[in-house]
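# Structural description and commentary
Given next are the chains, with one letter for each unit.
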Amino acid sequence: TTSLQSFTALVVARKKELIIVLAAIAVLAVGIFGWRYYSTRRNLNAQNQLSQAIAIYNDTVNIKSDKERYERTVAEAQKTYDQYRSLPAGSIALYYIALSQEGLGDTPKAIQSLQEVAQRGDASVKAVGQFAMGAIYKKHGETQKAIDVYKALYDNGGYSKAAVAYELATLYEANKQLDQAKDYYQKLVSEFPDSPFRQNADD
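Residues numbered from 1 in each chain as written. Predicted model: local features only at pLDDT ≥ 70, side-chain atom pairs only at ≥ 80, totals over all residues. Heavy atoms only, no water.

### A closer look at the overall build of the chain
Within the chain, the secondary structure is distributed over 10 helices and zero strands. Each of the 203 residues in the chain was classed as buried or not, and the buried ones make up 35%. Contacts in the chain between residues at least 24 apart in sequence constitute 47% of all its contacts with a sequence separation of at least 6. Total accessible area on the chain is roughly 12500 Å²; 55% of this is exposed by carbon and sulfur atoms. (Helix = DSSP H or I, 4+ residues; strand = E, 2+ residues; numbered from the N terminus. Buried < 20%, exposed > 50% of the residue type's maximum accessible area, 1.4 Å probe, protein only. Contact = heavy atoms within 4.5 Å. Areas by Shrake-Rupley, 256 points an atom, 1.4 Å probe, with all protein chains shown as cover.)

### Structural notes on the nonpolar core
In this structure, Y95, L114, Y150, V164, L168 and Y184 are the most contacted members of the largest nonpolar core, which totals 48 residues. Ignoring sequence-local partners within four residues, the contact set of L168 consists of I147, Y150, K151, Y154 and Y184. (Core = buried A, V, L, I, M, F, W, Y, C linked by side-chain atoms within 4.5 Å.)

### A closer look at the environment of D82
Mapping D82 onto the fold places it in helix α3 (residues 66-84). Sequence-wise, D82 and A93 are 11 residues apart; in three dimensions their C-alpha atoms are separated by 9.5 Å.

### A short note on the side chain of S195
Structurally, S195 can be placed in the loop between α9 (178-191) and α10 (198-202). For S195, the residues in contact, after removing those within four places along its chain, are A162 and L188.

### Considerations on unusual backbone geometry
Despite not being glycine, K176 shows a phi value in the positive range, around 65 degrees. Tracing the sequence through the fold places K176 in the loop between α8 (161-174) and α9.

### Re helix α7 (residues 143-156)
If you check α7, its first and last C-alpha atoms are 20 Å apart, about what 14 residues at 1.5 Å a residue would give, namely 20 Å. Of the positions making up α7, those classed as buried are A146, I147, V149, Y150, L153 and Y154. Buried residues of α7 fall within an arc of 170 degrees about the axis and therefore sit on the same side. Where α7 ends, the next residue or the one after it, G157, has phi of about 80 degrees, a positive value. (Expected span 1.5 Å × (residues − 1). Arc of directions from axis to C-beta.)

### Looking at helix α4 (residues 88-103)
In a regular helix each residue adds 1.5 Å, so 16 residues correspond to 22 Å; α4 covers 23 Å between its end C-alpha atoms and thus fits that length. Of all the 16 residues making up α4, 13 are buried; the element is thus mostly covered by neighbouring parts of the structure. Immediately beyond the C-terminal end of α4, within one or two residues, lies G105, with a positive phi of roughly 90 degrees.

### Considering the packing of α8 against α9
Across the interface, α8 lies against α9 with an axial gap of 8 Å and an inter-helix angle of 155 degrees. Here α8 is positioned roughly antiparallel relative to α9, judged by the angle of their axes. Considering the relative orientation of α8 and α9, their crossing is left-handed. On α9, the residues that touch A162, A165, Y166, L168, A169, T170, Y172 and E173 of α8 are L178, Q180, A181, Y184, Y185 and L188. (Axes fitted to C-alpha atoms, helices over the stretch in contact; angles between N-to-C directions. Parallel < 35°, antiparallel > 145°, perpendicular 65-115°, else oblique. Left-handed = near helix turned anticlockwise from the far one by under 90°.)

What follows is the structure in structure tokens.
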């Protein structure tokens, strides 16, 4: 009883300070809840908008012309990137912009966009962007650039090492660097025996 009386007296004496502390706690709680709600809604909106761009990119049934499909993808993905570039959805949107730019024949812009994806995206998105960049270099016969990109990706991780090892092996083989090619084929066979690339590596 004495302790309760002492506490009550303290509360009465410190009433103003106590009200300020409780009010601050309430404001902080509301702020945290509000930010979480806003963040969740923003992520959801970004994902919904991004899904529209991806749907257009993959719609080869209703959009017969590849040129139209790529142009519409760029337009739709650009909206997501402009509004949500700080979110993962923004980086993924830029990735689809890059793929569409390459499809439209603008390789320099595609490479530039993928470089930005690699700089801005989280680890998984960055790795996907790097793999796509290597594929573009390979497609255009820039073998050494493709090797450099894939080698960095293999060393840093973030993407299927089996897939990257296979790409490196085939690139080294095409570049007549047979020792390096054998090395990566061997890595694939010994370290990733269940990989879908295993049979090709054996061959």
